[in-house]
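Structure at a glance
Read off the chains here:
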Amino acid sequence: MTVDRAWARRTAATHLNGAAQGVKGDGGIVIVVGGSQAYGAPPYLAGLGALRAGAHRVYVLAPHGPAAMAAGLEMHLLPNPGPELQLSSVKDLLPLSGHLSDQLARTGAAGQLVWLIGPGLGGHPAARSVLEALAEARAAESRPAVVIDGSLGGGESGIDFIAALNAQILLLNRVEAASLTDSCPLAERGPGARIEDLTTLAARAAVPAVTAKGEVDVVVAPETVYRVPAGHPSLAKSSSGDVLAGVAAGLLAQRVPSAQAAALACYLVGTTGRRLAARTGPGWLPSELLDALPHPVRTVHGSVLRRLARHQITRPIQGGLHRW
């Protein structure tokens, strides 16, 4: 199936109605876990992407640094003593996660809690230990949905970690797809991982939606393959994938089904990158990608926003605001 603007609008009209009801939490909550001294910005770019997609609240568990200072007014920064992500901080994720899931259920919010794992984690010198701690936490807390950004080290161990985290969406660039499937030699500038290899990966790792980014983004789901030709070559630069991961997590937090959330995220970020390249050339900045996202998001939300306007005019919201 080819993803275009008409498909994106239909998907938004079908699955994004909950956020139009005005209850805090309808947009869901995203917790981003990642980052390292080598890659400090990715978790915060991902968190901003989730907010741009409509998530109502974002927490980030990552090393603190200049990127944290820049993003701190937009999201909640979780404590992490030390220059790298600490195992003790990962273990502290459990009580917060349980509290947030209970909160969403208690207030009747339509959204859900999502863990976004991976942005910037590849630079952590003890990434394997962090992943093991996350897998243990996931075994103890099954309620959040999970988005994984990256191959988690690749190979058989990467597949095992992905399966243990019980992810709903897996996002891979060309290098990461190669490390998990051996289907796209990096010396060849071809179409990337084969559909059959991505399908096998999805089955082995038990992931409902595996996304391979490329000239045409591909989302492999059990019954459908989505092809998203919306992007631009300039999106191959660093940080655009972090924004994409955040957008996918933000849509999943609003309970868009996993495959549609991944495909819609690819469409939104791809369309934004194409518009930016047309306006500024290939030298746009990651912050500009975030700033330009609202236009495509608003475009696909058109019918939802019109319904919300009619609702506010004809039916006052009952019960006031939910205060957390």
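Within each chain, residue numbers correspond to sequence positions counted from 1 in written order. Restriction of local features to residues with pLDDT of at least 70 applies here, the model being predicted, together with a cutoff of 80 or more for giving and counting side-chain atom pairs; totals for whole chains, interfaces and linings are based on all residues. Note: side-chain values were computed over all heavy atoms of the structure, leaving out hydrogens and water.

**A few points about unusual backbone geometry**
In this structure, Ala206 takes a positive phi of about 55° despite not being glycine. Helix numbering and strand numbering both begin at the N terminus, where a helix is a DSSP run of H or I of at least 4 residues and a strand a DSSP run of E of at least 2. Here Ala206 is to be found in the loop between helix H9 (195–205) and strand S7 (209–212). We classify Ala206 as partly exposed; its relative accessible area is 48%. Residue burial is assigned from relative accessible area. The probe radius is 1.4 Å, only protein chains are included, and a residue is buried under 20% of its type maximum, exposed over 50%, and partly exposed in between.

**Overview of a positive patch on the surface**
Side chains of Arg274, Arg275, Arg279 and Arg298 sit close together on the surface and give a patch of like positive charge. With 3 residues, the single largest contributor to the positive patch is helix H11 (residues 258–280). You can see Arg298 is positioned in helix H13 (residues 294–300). For Arg298, a relative accessible area of 46% corresponds to the partly exposed category. Put simply, a patch holds well-exposed residues, over 30% relative accessible area, that have no salt bridge, with like charges counted together within 9 Å and Val, Leu, Ile, Met, Phe, Trp or Tyr side chains within 5 Å. A 1.4 Å probe and the Shrake-Rupley method give the accessible areas. Residues count as covered only by the protein chains that appear here. In what follows, salt bridge is the name for a side-chain nitrogen of Lys or Arg lying within 4 Å of a carboxyl oxygen of Asp or Glu. Charged residues are defined here as Lys and Arg on the positive side and Asp and Glu on the negative side; His and the ends of the chain fall outside this count. Where a charge lies is defined by one atom per residue type: Lys uses NZ, Arg uses CZ, Asp uses CG and Glu uses CD.

**A short note on the environment of Ala139**
Considering the arrangement of structural elements, one finds Ala139 in helix H6 (residues 127–140). For the pair Ala139 and Asn166, spaced 27 residues apart in the sequence, the C-alpha separation amounts to 9.0 Å.

**Comments concerning the pattern of salt bridges**
Overall, the coordinates contain 7 salt bridges when judged by the stated rule. Linking Glu156 and Arg204 is a salt bridge whose minimum nitrogen-to-oxygen distance equals 2.5 Å. With Glu156 in helix H7 (residues 155–164) and Arg204 in helix H9, this pair connects stretches of sequence that are 48 residues apart. Residue class for Glu156 comes out partly exposed when judged on its relative accessible area of 47%. One salt bridge connects Arg194 with Glu196, and the closest N-O pair in it is separated by 3.4 Å.

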